[in-house]
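Listed below are the residues making up each chain.
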Amino acid sequence: MAEITASMVKDLREKTDAPMMECKKALSEAGGDLAKAEEILRVKLGNKATKAATRVTAEGVVGIHIAADGKLGAILEVNCETDFVARNDDFLALVKNSVELVANQAPADVAQLSALPLSGGTVESTRAALVGKIGENMSLRRFARTEAKGKLYSYIHGGAKIGVLLDLVGGDEPLGKDLSMHIAAFKPKALDASGVQQALVDSERRIAIEKAKEAGKPEAMLEKIAEGSVQKFLKEVTLLGQVFVKAEDGKETIEQLLKKKGASVAGFTLYVVGEGIEKKVSDFAAEVAAQAAAAQK
């Protein structure tokens, strides 16, 4: 049996927000496999075990640039250590200039973007100088560049913590803005079912089967129950399957809305600042006590 360490329990607790003893039991049952333990907790505790998945754990902003004709655009996430720096004018200027370079110069990756000319030097030298001036680290994390099949629309929310770049074919400006806002609010993982990672679908199927077993459902019904759960999941996480945020009847899906408007979505990019990044949480009181003890020595 795999050894279950305190750090493993801590990692699972932070990821799921589940009680410590439940985390330890799940890890033991899963043989130390963190992903499997998370699935076990979701079966036992329901959606509470995914609470931490929506947490933003790093600071920074999302920058967006769209050309005047709406046919070319880019979205960029730049991270820093504190929200204070995320509001700094020099930091915001770096974001603005960098995302414009992404759109206009089409770098292949962050390394190429960092090497592009900016302010008499390069993006990297500008970033490094700003780090020296402010005294806080910052990094260009990820970007996407889009040559639109239709027209580009965007939405920035929460002090630029969430950004959306949408390629809409047909429709009009109000529809483009509404859809961009909807994406920011409901955070779809893909346009349709074909874009959802198979691992996520498989996980939902396993969880549904285990829940059905615990509820005492007949073996012959398990696959049917699981398929129903998977289809419900896909509607919830795909843009076309989601109910439109402004639906007057509370039922109209994005797919139905687009059909009514004679429009389609060619694609979209959604960035949430800090998504997937672990942020170190410091204990200020402990730090002060440690410093005091060191000073006495």
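Keep in mind that what you see is a predicted model, and the values were worked out from it rather than measured. Sequence order as written defines the numbering, with residues in each chain counted from 1. A pLDDT threshold of at least 70 governs which residues receive local features in this predicted model, and a stricter bar of 80 or more applies before side-chain atom pairs are shown or counted, although totals over entire chains, interfaces and linings include all residues. Each side-chain value is derived from all of the structure's non-hydrogen atoms; neither hydrogens nor water enter the calculation.

A. Seen up close, the packing of helix α9 (residues 198–214) against helix α10 (residues 222–237). The axes used here are C-alpha line fits, helices contributing only the stretch in contact, and every angle between their N-to-C directions lies in the interval 0 to 180 degrees. Put simply, DSSP marks the helices as runs of H or I at least four residues long and the strands as runs of E at least two long, and each gets a number from the N terminus on. Packing of α9 against α10 brings their axes to within 8 Å, and their N-to-C directions diverge by 135°. Regarding the angle of α9 to α10, the classification is oblique. In this structure, the crossing between α9 and α10 has a hand that is right-handed. From α9, L200, V201, E204, R205, A208, I209, A212 and K213 reach across to α10, where they touch L222, E223, I225, A226, E227, S229, V230, F233 and L234. Angles are sorted into four bins: roughly parallel if under 35 degrees, roughly antiparallel if over 145, roughly perpendicular if 65 to 115, and oblique for all others. Should the near helix be turned anticlockwise from the far one by less than a right angle, the crossing is left-handed, and should it be turned clockwise, the crossing is right-handed. Contacts were defined at the residue level, with two residues in contact if any of their heavy atoms lie within 4.5 Å.

B. A look at the environment of K71. Locating K71 in the fold gives a position in the loop between β1 (59–66) and β2 (72–80). A relative accessible area of 37% places K71 in the partly exposed class. Residues K71 and G150 lie 79 residues apart in sequence; the distance between their C-alpha atoms is 7.1 Å. Polar contacts, as used here, are pairs of N or O atoms within 3.5 Å; protein pairs need one atom able to donate a hydrogen and one able to accept it. Residues neighboring in sequence count only if both atoms are side-chain atoms. Within polar-contact distance, the side chain of K71 engages the backbone oxygen of G150 at 2.6 Å. Using a 1.4 Å probe on the protein chains alone, a residue whose accessible area is under 20% of its type maximum counts as buried, one over 50% counts as exposed, and one in between counts as partly exposed.

C. Region of the structure containing the pattern of salt bridges. The term salt bridge refers to a side-chain nitrogen of Lys or Arg lying within 4 Å of a carboxyl oxygen of Asp or Glu. Scanning all chains against the criterion turns up 18 salt bridges. For R145, the salt bridge goes to E147, with nearest N and O atoms at 2.9 Å. Note on R145: relative accessible area 31%, which makes it partly exposed. Judged by relative accessible area, which is 58%, E147 ranks as exposed.

D. Structural view of helix α5 (residues 89–105). For a helix, the expected span equals 1.5 Å multiplied by the number of residues minus one. With 17 residues, α5 extends 24 Å from end C-alpha to end C-alpha; this agrees with the ideal 24 Å at 1.5 Å per step. Of all the residues in α5, the buried ones are F91, L94, V95, S98, V99, L101, V102 and A103. N-cap assignment for α5: the residue whose side-chain oxygen lies 2.8 Å from the backbone N of D90 is N88. Just downstream of α5 lies A106, where phi reads positive at about 50°.

E. Structural view of unusual backbone geometry. A positive phi is found at A106, a non-glycine position, where the angle reads about 50°. The residue A106 is located in the loop between α5 and α6 (110–115) in this model. On the accessibility criterion, A106 (40% relative accessible area) is partly exposed. We note that K187 has phi near 45°; this positive angle belongs to a residue other than glycine. As for its placement among the helices and strands, K187 is situated in the loop between α8 (173–186) and α9. Take K187: its relative accessible area is 36%, and that puts it in the partly exposed class.

F. Representation of the environment of A18 in the model. In this structure, A18 sits in the loop between α1 (6–16) and α2 (20–29). On a C-alpha basis, the gap between A18 and E38 in space is 9.5 Å, while along the polypeptide they are 20 residues apart.

G. Region of interest: the sheet that holds β2. Strand order in this open sheet of three strands is β1-β2-β5, and the pairing throughout is antiparallel. Each edge of the open sheet carries a strand with a single partner, namely β1 and β5 (138–147). Pairs of neighbouring strands in the sheet enclose a mean axial angle of 15°, with direction left out of account. Only strands joined by at least two bridges in the DSSP assignment are considered to pair. Across nine bridges, β2 lies against β5 in antiparallel orientation. Across the sheet, the residue bridging to E77 is R142, located in β5. Those strands touched by α5 are β1, β2 and β5, and its axis lies near 145° from that of β2.

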